[in-house]
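# Descriptive structure summary
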Amino acid sequence: MTRRTTLRTTHDDPTVVAAALAPDNTESMHTSVEGDELVTTIERDSTGGLHSTVDDYVVNVTVAETVIEATRTHTDTNHE
């Protein structure tokens, strides 16, 4: 039996977040952008595998948002 979950996160620029996450996405993941939401569906054969993948994904989203925000702050500061 396949386990599946869909995660929806809201971002100022979800396309940028999706691009930042793409290199770490596995074949068991599908990501799309719907308005200001990043929608990722993850399918795994085991509950433990699904849990691990979701944990990794959430950490990656947090890191991507942090880096994007830091880059914007740095860019905005240097162009004033």
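Rules and cut-offs
- Residues numbered from 1 in each chain as written.
- Predicted model: local features only at pLDDT ≥ 70, side-chain atom pairs only at ≥ 80, totals over all residues.
- Heavy atoms only, no water.
- pLDDT = per-residue confidence, 0-100.
- Helix = DSSP H or I, 4+ residues; strand = E, 2+ residues; numbered from the N terminus.
- Salt bridge = Lys/Arg side-chain N within 4 Å of Asp/Glu carboxyl O.
- Buried < 20%, exposed > 50% of the residue type's maximum accessible area, 1.4 Å probe, protein only.
- Core = buried A, V, L, I, M, F, W, Y, C linked by side-chain atoms within 4.5 Å.
- Contact = heavy atoms within 4.5 Å.

## Observations concerning the confidence of the model for the protein chain
- Per-residue pLDDT for the protein chain averages 92, and the proportion of residues at 70 or more is 92%.
- The least confident element of the protein chain is helix H2 (residues 47–78), whose mean pLDDT is 90; the most confident is strand S3 (residues 37–44), at 98.

## Some details on the pattern of salt bridges
- The final tally for this structure, using the stated rule, is 4 salt bridges.
- Of the charged contacts, one joins Glu43 and Arg4 as a salt bridge, the two residues approaching to 2.8 Å between their closest N and O atoms. On the criterion of sequence distance, the pair formed by Glu43 in strand S3 and Arg4 in strand S1 (residues 3–10) is long-range, its members being 39 residues apart.
- Residue class for Arg4 comes out exposed when judged on its relative accessible area of 56%.
- Between Arg8 and Glu37 there is a salt bridge, and its shortest N-O distance comes to 2.7 Å. Here Glu37 lies in strand S3 and Arg8 lies in strand S1, a separation of 29 residues in the sequence.

## Some thoughts on the nonpolar core
- Judged by nonpolar contacts, the single largest core of 13 residues is most densely connected at Leu7, Val17, Leu21, Leu38, Ile42, Val54 and Tyr57.
- Of all the elements in the fold, those that place two or more residues in this core are helix H1 (14–21), S3 and H2.
- Among the elements that make up this core, the one with the highest residue count is H2 (6 residues).
- Contacts of Val54, omitting those with residues within four sequence positions, involve Thr5, Leu7 and Ile42.

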